[in-house]
Amino acid sequence: MHDSGRDNDSHSSTEPGTGPGTAAGTGPGTAAGAEPGHAAQRRSDATRGAILAAARERFASDGYDRATIRAIARDAKIDPSMVMRYYGSKEGLFAAAVAVDLELPDLASLPRHDVGRVLTRHFLRMWEENEELTALLRVAAASRAGADRMQGIFRDQLLPVTRQVCPDPEQVPTRAALCATQLLGLALTRYVLRIPPAVALHGTEIEAWLAPTLQRYLTAPSP
């Protein structure tokens, strides 16, 4: 790309061991090319950090649909081409920028017969209150990067709480995945696709329908 597409790092700086008559990075005790490589990595990391910080603020203020790569790049004080270079698309940038904490309850501390109800109620509150989580679901339904991000969130956060109550440790991944079919299915139909009967359900109705299914997935003997 043109000069503005090089991390805004076209300025010259004098690293230790560089100067007139000295090859860059070949000063005493420095391997040839090592220091410039480290400096380039630091600049790259700083650029990524600036992009992600700007993206988080822009997605939070404008929402996913209205946030643009150009606006994010302007906030980060870089060329828009650099955003595309690092993240490929707005979907990829969003997936990298969002950090969703599901704030899952400690199921091990609950009466065993309550875990399905508590988990259903918790996720319903999360979907109702966390717009970032719903936005991520929209991206996940349309892009590989978003899907990978959502998979990581559920793998890293849902698996541990499933392990707390699952009767067979070997079945933890399967049971967590089955729980995800219900929790993500609810969110997709109610908050993304907005299927009218799903939208019309009261929270207590959702809990009454969904909680027994989650309870069975989490604690029942294997069929």
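See the structure shown above.
Just so you know, these numbers come straight off a predicted model, no measurement behind them.

Details of the overall build of the protein chain
Moving on, step 1. Scanning the protein chain from N- to C-terminus turns up 10 helices and zero strands.
Moving on, step 2. Each helix (α) and strand (β) of the protein chain, taken in turn from the N terminus, gives the series α-α-α-α-α-α-α-α-α-α.
Moving on, step 3. Considering the protein chain as a whole, with its 223 residues, one finds that 43% of them fall into the buried category.
Moving on, step 4. In the protein chain, the proportion of contacts linking residues at least 24 apart, taken out of those at least 6 apart, comes to 65%.

Notes on the nonpolar core
The nonpolar side chains of a soluble globular protein tend to be buried, and buried together.
Moving on, step 1. Residues Phe-59, Leu-93, Phe-94, Leu-102, Phe-123 and Leu-158 are the most contacted members of the largest nonpolar core, which totals 57 residues.
Moving on, step 2. When residues no more than four places from it in sequence are discounted, the contact partners of Phe-123 are Leu-102, Leu-104, Phe-154 and Leu-183.

Digging into the packing of helix α4 (residues 90-97) against helix α7 (residues 144-165)
Moving on, step 1. One can describe the packing of α4 onto α7 by two numbers: an axis separation of 8 Å at closest approach and a directional angle of 15°. One finds that α4 runs roughly parallel with respect to α7. Between α4 and α7 lies a crossing whose hand is left-handed. Between α4 and α7, the residues in contact are Glu-91, Gly-92 and Ala-95 and Ala-145, Gly-146 and Arg-149, respectively.
Moving on, step 2. Considered class by class, the residues forming the contact of α4 with α7 number two nonpolar, two polar and two charged.

As for the pattern of salt bridges
Moving on, step 1. Taken as a whole and judged by the stated rule, the model has eight salt bridges.
Moving on, step 2. The closest approach of N and O atoms between Asp-62 and Arg-58, which form a salt bridge, is 3.0 Å. With Asp-62 and Arg-58 both in helix α1 (residues 34-66) and four residues apart, this pair spans about one turn of that helix.
Moving on, step 3. On the basis of relative accessible area, Arg-58 is assigned to the buried category, the value being 17%.
Moving on, step 4. Beyond isolated ion pairs, a larger network of salt bridges with shared partners links Arg-58, Asp-62 and Asp-75.

A word on the packing of helix α5 (residues 115-129) against helix α8 (residues 172-192)
Moving on, step 1. At a closest axis distance of 11 Å, the pairing of α5 and α8 adopts a crossing angle of 35°. In the crossing of α5 with α8, the sense of the turn from one axis to the other is right-handed. Note on element contacts: α8 touches α5 through Leu-183, Leu-184, Leu-186, Ala-187, Arg-190 and Tyr-191, opposite Phe-123, Leu-124, Trp-127 and Glu-128.
Moving on, step 2. For the contact of α5 with α8, the class distribution of residues is eight nonpolar, no polar and two charged.

Focus on the environment of Ser-89
Moving on, step 1. Turning to its location among the elements, Ser-89 is positioned in the loop between α3 (80-87) and α4.
Moving on, step 2. On the accessibility criterion, Ser-89 (25% relative accessible area) is partly exposed.
Moving on, step 3. Note: C-alpha distance between Ser-89 and Ser-143 (54 residues apart in sequence) is 9.8 Å.
Moving on, step 4. Discounting chain neighbours no more than four positions away, the residues touching Ser-89 are Ile-69 and Met-84.
Moving on, step 5. Within the structure, Ser-89 has its side chain in polar contact with the backbone nitrogen of Gly-92 (distance 3.1 Å).

Side note on α7
Moving on, step 1. Its 22 residues give α7 an end-to-end C-alpha distance of 31 Å, which sits within 8% of 32 Å, the value for a rise of 1.5 Å per residue.
Moving on, step 2. At Leu-158, α7 shows its strongest bend, of approximately 30°, with the proline Pro-160 following within four residues.
Moving on, step 3. Buried within α7 are the following residues: Gly-146, Ala-147, Met-150, Gly-152, Ile-153, Phe-154, Gln-157, Leu-158, Leu-159, Val-161, Thr-162 and Val-165.
Moving on, step 4. Here the buried face of α7 lies against α4, α5, α6 (131-142), α8 and α10 (203-219).

Conventions used here
- Residues numbered from 1 in each chain as written.
- Predicted model: local features only at pLDDT ≥ 70, side-chain atom pairs only at ≥ 80, totals over all residues.
- Heavy atoms only, no water.
- Helix = DSSP H or I, 4+ residues; strand = E, 2+ residues; numbered from the N terminus.
- Buried < 20%, exposed > 50% of the residue type's maximum accessible area, 1.4 Å probe, protein only.
- Contact = heavy atoms within 4.5 Å.
- Core = buried A, V, L, I, M, F, W, Y, C linked by side-chain atoms within 4.5 Å.
- Axes fitted to C-alpha atoms, helices over the stretch in contact; angles between N-to-C directions.
- Parallel < 35°, antiparallel > 145°, perpendicular 65-115°, else oblique.
- Left-handed = near helix turned anticlockwise from the far one by under 90°.
- Nonpolar A, V, L, I, M, F, W, Y, C, P; charged D, E, K, R; others polar.
- Salt bridge = Lys/Arg side-chain N within 4 Å of Asp/Glu carboxyl O.
- Polar contact = N/O pair within 3.5 Å; in protein donor to acceptor, adjacent residues only side chain to side chain.
- Expected span 1.5 Å × (residues − 1).
- Bend = angle between axes of the 7 residues up to and from the residue.

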